[in-house]
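The residues making up each chain are set out below.
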Amino acid sequence: MSVIDLSGLKGGLRELPPLSLYIHFPWCVRKCPYCDFNSHELKSGSGQTVQWNPQAGVASGGFDEMAYVETLLRDLEYSLPAIWGRSVSTIFMGGGTPSLFSAQAMDTLLAGIRARLRLSPEAEITMEANPGTFEAEKFRGYREAGINRLSIGIQSFNPQHLQVLGRIHDGDEARRAIDIALSCFDNVNLDLMYALPGQTLEQALQDIDTALSHGITHLSAYHLTIEPNTLYAVRTPQNLPDDEVSADMQDAIEARLAAAGFEHYETSAFARPGKRSRHNVNYWQFGDYLGIGAGAHGKISSHEGIVREMRHKQPAAYIQAVANGQPVQSSRKVARDELPFEFMMNLLRLTGGFETRLFTERTGLPVSCIRNELQQAIQQGLLEQDATTIRPTLQGQRFLNDLLTLFLRDGDQ
């Protein structure tokens, strides 16, 4: 690998990037075998997994929701000096399953956030939700609390695939959840997965067609990958589609969504015009985000550099750490020779690439410091560049890891 020459550069940012807020909700009804996120199954007092009953209320399901909301707001208070005076443009509530929390809890949380920081009047506020936790009245309450975008983890409508993925819902519940969501929200994303065990090309497209038939505004289509520290990594499922079939699925999904009027704006993200995820776009454009909640990650810039931090992952440890005034488990300043790779790792996920000036704005480094790497990528047919923009070619999108490798330091291997 080449070593990027940053000798003699001072670095430092002239202006700060947009700021988002990420809030992590660590509990879920059941841990899916493919999931490597920081999520924890609901447990009863006896240690048994809770059988979720939405009519029974959340507090009986293994955690105290209002106590967690209070912890989140206390965590936010400790973080305010690092973002003082900055406006938050988007909020994303992820998990786990945030929709296990009641509308009252979400209202209390959002009211507390508004009282503590500058939230843009036009802020996009997204909440993740899973079928099986949907009730029409509760989701109307979410909307009244200020949530204005939903992201629903469908993954598939096919009962066979839902079973092998360990999902708690069936296809009918998924369709009902979408209908409830669209009755309350005009901005709804669906998460779908493809290259599933035993899945055919026709079945992958059938999931896409079912999603489109509901009139959703955004769709995320993820290739199933076997991640470390998951059940699938220990017991890999049988009959996974091979690389050729998976590539055919990806091509067909992209074509079907393009024909339906969706813009393919990021590796796995498709949106109707004007409905891109503003929160995720801020991530991909190397913007800042404060992360609160168990295991949440954050990236905060200042005129002295960029700091990455992580909260304690275990919910009990996180709650205790916040009570002790120490919510952050680890924090490190990003070294300047890491910045080009970190920037490219995000920006090159965008199919339209980025304006060249953004590299300097977000890293504090001149683009000349990666001139050799850019030329290599262009010569290999992975990037294209004009007077104002750098973007991945179709080959660069398909072989993104190969493209990013060009920007690695030798020590990062």
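Owing to the predicted nature of the structure, the values given are computational and were not obtained by experimental measurement. (Residues numbered from 1 in each chain as written. Predicted model: local features only at pLDDT ≥ 70, side-chain atom pairs only at ≥ 80, totals over all residues. Heavy atoms only, no water.)

1. Overview of the confidence of the model for the protein
In low-pLDDT regions, the fine details of the predicted coordinates are not to be read closely. Scored by pLDDT, the protein comes out at a mean of 90, with 91% of its residues at no less than 70. A low-confidence stretch, residues 1–10 (pLDDT under 50), is modelled with 29 contacts involving residues beyond four sequence positions or located in other chains. pLDDT under 50 marks residues 44–60. Its contacts with residues more than four places away, or in other chains, come to 26 contacts. (pLDDT = per-residue confidence, 0-100. Contact = heavy atoms within 4.5 Å.)

2. Points about the sheet that holds strand β15 (residues 354–355)
A sheet is described by the order of its strands in space; here 3 strands give the open sequence β15-β17-β16, paired in antiparallel fashion. Since the sheet does not close on itself, it has two edges, and those belong to β15 and β16 (383–385), each with one partner. Summarising the sheet, β16 and strand β17 (residues 389–392) pair through 3 bridges and their orientation is antiparallel. Residue pairing in the sheet places Gln385 in a bridge with Ile390 of β17. On the sheet, helix α13 (residues 371–379) packs against β16 and β17 and is oriented at approximately 115° with respect to β16. (Pairing = 2+ DSSP bridges. Helix = DSSP H or I, 4+ residues; strand = E, 2+ residues; numbered from the N terminus. Axes fitted to C-alpha atoms, helices over the stretch in contact; angles between N-to-C directions.)

3. Notes on helix α5 (residues 171–184)
When the terminal C-alpha atoms of α5 are compared, their 21 Å separation across 14 residues agrees well with the 20 Å that a helix rising 1.5 Å per residue should span. Buried within α5 we find Gly171, Ala174, Ala177, Ile178, Ile180, Ala181 and Cys184. The secondary structure elements touched by the buried residues of α5 are α3 (136–145), β6 (149–155), α4 (159–164) and β7 (188–194). Structurally, the start of α5 carries an N-cap: the backbone nitrogen of Asp172 is 3.2 Å from a side-chain oxygen of Asp170. (Expected span 1.5 Å × (residues − 1). Buried < 20%, exposed > 50% of the residue type's maximum accessible area, 1.4 Å probe, protein only. Polar contact = N/O pair within 3.5 Å; in protein donor to acceptor, adjacent residues only side chain to side chain.)

4. Looking at the pairing of strand β4 (residues 87–95)
Within β4, 7 of the 9 residues are buried, which leaves the element mostly enclosed by the surrounding structure. In this structure, strand β1 (residues 19–25) lies alongside β4, joined through 7 bridges in parallel fashion. By the bridge assignment for β4, Ser20 is matched with Thr90. In terms of strand pairing, β4 meets strand β5 (residues 118–129) through 6 bridges, oriented parallel. The partner of Met93 across the bridge, within β5, is Met127. Handedness of the β4-helix α2 (residues 103–116)-β5 crossover: right-handed. (Right-handed = clockwise from strand over helix to strand, strands pointing away.)

5. Focus: the nonpolar core
Counting residues in each nonpolar core, the largest one holds 73 residues, and the members touching the most others are Ile23, Ile91, Met93, Leu109, Ile113 and Phe139. Here this core takes 7 residues from helix α1 (residues 65–83), the largest share from any one element. In terms of nonpolar packing, the next biggest core, distinct from the first, is built from 33 residues, Tyr265, Val281, Ile370 and Leu400 among them. (Core = buried A, V, L, I, M, F, W, Y, C linked by side-chain atoms within 4.5 Å.)

6. Thoughts on the pairing of strand β12 (residues 297–302)
One ladder, built from 6 bridges, connects β12 with strand β13 (residues 305–311); its direction is antiparallel. Its bridge partner lying in β13, Lys299 is registered against Arg308. With antiparallel pairing between neighbouring strands as the criterion, β12 and β13 make up a hairpin whose turn holds 2 residues.

7. Things to note about the packing of aromatic side chains
Applying the stated criterion to the full structure yields 16 aromatic pairs. Considering the side-chain rings of Trp27 and Phe63, the 4.3 Å spacing of their centres and the 5° angle between planes classify their relative orientation as stacked. Of this pair, Trp27 sits in strand β2 (residues 27–28) while Phe63 sits in the loop between β3 (40–41) and α1, placing them 36 residues apart in sequence. Here Trp27 matches Phe63 in class, with each residue buried. Feature note: the residues Phe25, Trp27, Phe63, Tyr68, Phe101 and Tyr318 constitute an aromatic cluster, connected by ring pairs. Sitting above the plane of the Phe286 ring, Lys299 keeps its charged end 4.3 Å from the centroid. (Phe/Tyr/Trp six-rings, centres within 6.5 Å; stacked < 30°, edge-to-face > 60°. Lys NZ or Arg CZ within 6 Å of the ring centre and 35° of its normal.)

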